[in-house]
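Listed here are the chains, written in short residue letters.
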Amino acid sequence: MKPAPFRYFAPETLDEALSLLAEHGDEAKPLAGGQSLVPAMNFRLAQPAVLVDLNRIAALSFIRPDDAGGVVVGAMTRQRAVEHSELVAARAPLVTETVPYIAHAQIRNRGTFGGSLAHADPASELPAVALALDAQFTLACRSGQRVVPAEAFYTDLFETACGHEELLVDVRLPTAAAGSGFAFEELARRHGDYALVGVAVAVQRGADGTLIDARMAYLSVGPGPVLATRASASLLGTRGETEALRVAASLAAHEDIVDPPSDIHATAAYRRHLIEVLTVRALTRACSRAQEGA
Ligand SMILES: Cc1cc2nc3c(=O)[nH]c(=O)nc-3n(C[C@H](O)[C@H](O)[C@H](O)COP(=O)(O)OP(=O)(O)OC[C@H]3O[C@@H](n4cnc5c(N)ncnc54)[C@H](O)[C@@H]3O)c2cc1C
């Protein structure tokens, strides 16, 4: 398969890229690692008239600490670099645990952190992780920058708050506070396949050992990543006992996630079953890690 004809630009600065996007509006698309966009173009599911290649913009590729104890990842940082970053492992361990679930090493060598988040595939791992961590996305356009929380970034199926003239430039992952615990679980038919269901969990225990915060975000269960707010709220004040985890898992599967898809990969009923099983597994591990950390 071959893509429809397009014009190609390879700017070397962010300003240049933003000017090109402003000039060409919704006819243009940024190209990051190309691991989703290029196949979509080859199948003619995407037919941008203009491609703005971000690969020569060195300023978009970095991993650095932020003053608040978290970590900031530039949009063009390769997924593989994030996977092997000691800084990310120390400050955002949920990301380190999750990245190896994305496709295969060859794809992660080329695929970028920002490209995966901006693509907003409901079956992708990183959007759910960003939601569980309450990550902050920096969007830039020619007239300035704005910061959007992960929850507001994802608006619909493959849709985000990022406008045609904007670029995702970096993502701020908040620090893991004292008493925090994290875990990621998914089920895929084969290693490297997109998951049938996945869940990213972040919990925090207070000084008395009870849970004072819990965020659970799911992939492959709706049009985008889904935050299970009722299930998360049900955990607060508990110690993460087995029964509390079961209640939370049931709320997630039956109240927060209202309409999981039925498709050739899995029925809605099977996805609900997976939500319950994977939630209990992820919460058990996260709560136990929070115990160690408290
Ligand atoms: C065989 C195979 C298996 C895969 N399995 C998985 C998997 O299990 N889990 C998973 O999560 N992913 C999977 N992927 C996708 C992979 O993770 C991609 O790397 C990722 O989805 C897109 O990142 P990219 O850098 O390649 O972006 P691209 O493909 O270059 O771009 C993707 C989209 O995001 C837009 N975009 C890119 N960067 C920006 C930016 N900075 N600002 C605004 N918009 C931007 C592009 O215009 C495009 O619309 C798989 C891919 C393949 C080929």
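Residues numbered from 1 in each chain as written. Predicted model: local features only at pLDDT ≥ 70, side-chain atom pairs only at ≥ 80, totals over all residues.

> Describe the site of the ligand, listing the residues and the values that go with them.
Taken together, 29 residues form the shell around the ligand, and within it Gly33, Ala103, Gly111, Gly115 and Ser124 come nearest. At the level of elements, strand E2 (28-31), helix H2 (37-42), helix H7 (113-119), helix H8 (125-133) and strand E10 (167-173) are the ones that each hand at least two residues to the shell around the ligand. Looking at the shell around the ligand element by element, the count peaks at 5 residues for H7. Of the residues assigned to the shell around the ligand, the class counts are 15 nonpolar, 11 polar and 3 charged. Here the shell around the ligand spans two domains, since at least three of its residues come from each of domain 1 (7-53) and domain 2 (58-173). (Near = placed C-beta within 6 Å. Helix = DSSP H or I, 4+ residues; strand = E, 2+ residues; numbered from the N terminus. Nonpolar A, V, L, I, M, F, W, Y, C, P; charged D, E, K, R; others polar. Domains from an automatic or database assignment.)

> Outline the domain arrangement of the protein chain, listing residues and values.
Quite often, the size of an interface is put as the accessible area lost when its parts meet. As assigned here, the protein chain comprises domain 1 (7-53), domain 2 (58-173) and domain 3 (180-293). Taking only C-alpha atoms into account, the centre of domain 1 sits 36 Å from that of domain 3.

> Account for unusual backbone geometry, naming residues and giving values.
The residue Phe158 is not glycine, and still its phi comes out positive at about 55°. Inspection of the secondary structure assignment puts Phe158 in the loop between strand E8 (154-156) and strand E9 (159-160). Exposure remark for Phe158: the 15 C-beta atoms within 10 Å place this residue in the partly exposed category. A positive phi is found at Ser220, a non-glycine position, where the angle reads about 65°. Structurally, the position occupied by Ser220 is in the loop between strand E13 (211-219) and strand E14 (226-227). (Buried ≥ 20, exposed ≤ 12 C-beta atoms within 10 Å, placed from the backbone.)

> An account of the nonpolar core is needed here, citing residue identities and associated values.
Buried together is how nonpolar side chains tend to be arranged in soluble globular proteins. Counting residues in hydrophobic clusters, the biggest one holds 93 residues, and the most contacted among them are Leu94, Val129, Ala132, Val201, Tyr218, Ala252 and Ala286. No other element matches the 8 residues that helix H12 (residues 268-293) contributes to this core. Those residues within four positions of Val129 in sequence are excluded, and the remaining contacts are Leu94, Val95, Thr98, Phe184 and Ala200. (Core = buried A, V, L, I, M, F, W, Y, C linked by C-beta atoms within 7 Å. Contact = placed C-beta atoms within 7 Å.)

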